[in-house]
Amino acid sequence: MNAQAIIRSIEEEQYKSDLPTIYVGDTVRVGVVIQEGGKERVQPYEGTVIAMRNGGINETITVRRIFQGVGVERVFLIHSPRVANIKIMRRGKVRRAKLYYLRDRVGKATRIKERFDRSK
Amino acid sequence: MSLGILGTKLGMTQVFDDTGKAIPVTVVQAGPCTITQVKTKETDGYSSVQIGYDEVAPKKLTKGELGHLAKSGASPLRHLREYRLEDVSSFELGQAVTADIFDEGQLVDVAGTSIGRGFAGFQKRHNFSRGPMSHGSKNHRAPGSIGAGTTPGRVYPGKRMAGHMGAVRKTIRKLQVVRVDGDRNLLLIKGAVPGKSGNLLSIVPANLVGRKG
């Protein structure tokens, strides 16, 4: 085995197989494992995927939501064990790979049109 | 001083630990090595163990090298390296050294040739500051003053200047072994190690100064 194949085999053990296909513009619910005083629980975080970064095992999504009037963006390493599950709530129709323009918009202007040709 | 192992840097990736943290690791092909010579105080004046690594075709080596390796019954090996040891009684010729000599969580020192950067200037080699790029400035990447004038009339030795950078042997100390794969002789070491992928590395248990006994 050459070097690349060995590294790939190490990474392959850690890939999650049950992840849905995520697109930019989707509304997702991410289950985040948090530890509180020795106990583990899964906290959901729902928002719009405004960016994706493909990097093999280092693949991330950036999820934006408005929480108590403040915009919050969280970057999830989707193959991490800290991310318990990802559920697609809604498929969005967008024409950009990065939706950073949503940061400058408030209220109704942040809506994303739904598309129905992709399965949830 | 303890026995180390020779290996090849394969590249970097990341693994997740028990708490779900992503840890950057370097994958190292460590061994299998063969003990090619055992030096003792009586025969050589000091005690050490020489190991060989990286099997090659016999035509790649000279007759002298092949003759030396034949003494231990080892196959033709490209790299030989000695490790000074206090006690060499437990080692014998032809014995295999594998990645299993390290445990998970152990601290190691990794030595190898760093990436060569050629003739490098002040900013890259010594982290000097750059001059202004605009407003009429002609001092962009120049060194500034390198010393006083007529007295002393010379530049002091050791003055940091432009020159060849990298491609020297560097040791990165106290890196943690994250995982040991005994079957494939792989070591996953936390953090970066010298050189590019394919670089020859020497991995030894960490030399902890002042914490012995």
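In every chain, residue numbers begin from 1 and rise along the written sequence. Both sets of labels track the order of writing: A upward for chains, 1 upward for ligands. For this predicted model, a pLDDT threshold of at least 70 governs which residues receive local features, and a threshold of 80 or more governs which side-chain atom pairs are given and counted, while totals over whole chains, interfaces and linings are taken from all residues. Note: side-chain values were computed over all heavy atoms of the structure, leaving out hydrogens and water.

## Quick look at the sheet that holds strand 6 (residues 96-97) of chain B
Residues and elements named next belong to chain B. Taken together, four strands build an open sheet; the order of strands is 5-4-3-6 and the sheet is antiparallel. Where the open sheet ends on each side, the last strands, each with one partner, are strand 5 (77-84) and strand 6. When DSSP locates at least two bridges between a pair of strands, those strands are taken to pair. Helix and strand labels come from DSSP, where a helix needs a run of H or I of at least four residues and a strand needs a run of E of at least two; each type is numbered from the N terminus. Alignment of strand 3 (residues 33-39) against strand 6, held across two bridges, turns out to be antiparallel. Note on strand 6: the bridge partner recorded for Thr34 is Ala96.

## Topic: the domain arrangement of chain B
In many reports, interface size means the accessible area that the parts give up when they come together. When its domains are assigned, chain B resolves into domain 1 (5-117 + 169-205) and domain 2 (121-165). For each domain, the first and last residues come from an automatic or database assignment. Just the C-alpha atoms count here: the centres of domain 1 of chain B and domain 2 of chain B sit 40 Å apart.

## Some remarks on the interface of chain A and chain B
It only takes one pair of heavy atoms within 4.5 Å for two residues to be counted as in contact. Residue-level contacts link 16 residues of chain A with 17 residues of chain B. Put simply, buried area is the surface a 1.4 Å probe can reach on two separate parts but cannot reach once they are joined, added for both. Interface of chain A and chain B: buried area, both sides summed, is about 1,300 Å²; carbon and sulfur atoms make up 61% of it. Together, Ile7, Ile10 and Gln14 of chain A form the three largest contributors to the area buried by chain A at its contact with chain B, with a combined 34%. By convention in these notes, a salt bridge is any Lys or Arg side-chain nitrogen within 4 Å of a carboxyl oxygen on Asp or Glu. Counting across the interface, chain A meets chain B through one salt bridge.

## Quick notes on the packing of aromatic side chains
Each Phe, Tyr or Trp ring, with Trp reduced to its six-membered ring, pairs with another whose centre is within 6.5 Å; inter-plane angles below 30 degrees give stacked pairs, above 60 give edge-to-face pairs, and intermediate values give tilted ones. Inspection of the entire model under this criterion finds two aromatic pairs over all chains. Ring geometry for Phe122 of chain B versus Phe128 of chain B: centroids 5.3 Å apart, planes at 45°, classification tilted. We note that Phe122 of chain B, like Phe128 of chain B, is buried. It is Arg118 of chain A that lies over the ring of Tyr23 of chain A; its NZ or CZ is 3.6 Å from the centre. Partly exposed residues are those whose accessible area sits between 20% and 50% of the maximum for their type, while under 20% is buried and over 50% is exposed, using a 1.4 Å probe and protein chains only. Sitting over a ring, as applied to charges here, requires NZ of Lys or CZ of Arg to be within 6 Å of the ring centre and within 35 degrees of the ring normal.

## So, the sheet that holds strand 5 (residues 83-90) of chain A
Adjacent strands of a sheet pair through backbone hydrogen bonds, lying either parallel or antiparallel. Residues and elements named next belong to chain A. Taken in spatial order, the five strands make up an open sheet running 4-3-2-1-5, and their pairing is antiparallel. In this open sheet, the two edge strands, each paired with only one partner strand, are strand 4 (70-77) and strand 5. Strand after strand, the sheet turns through a mean of 40° between neighbouring axes, direction not considered. The pairing of strand 2 (residues 39-53) with strand 3 (residues 60-67) spans five bridges and is classified as antiparallel. Of the residues in strand 3, the one forming a bridge with Met52 is Ile61. Interaxial angle, 0 to 180 degrees, is taken between N-to-C directions of lines fitted to C-alpha atoms, where a helix line uses only the stretch in contact.

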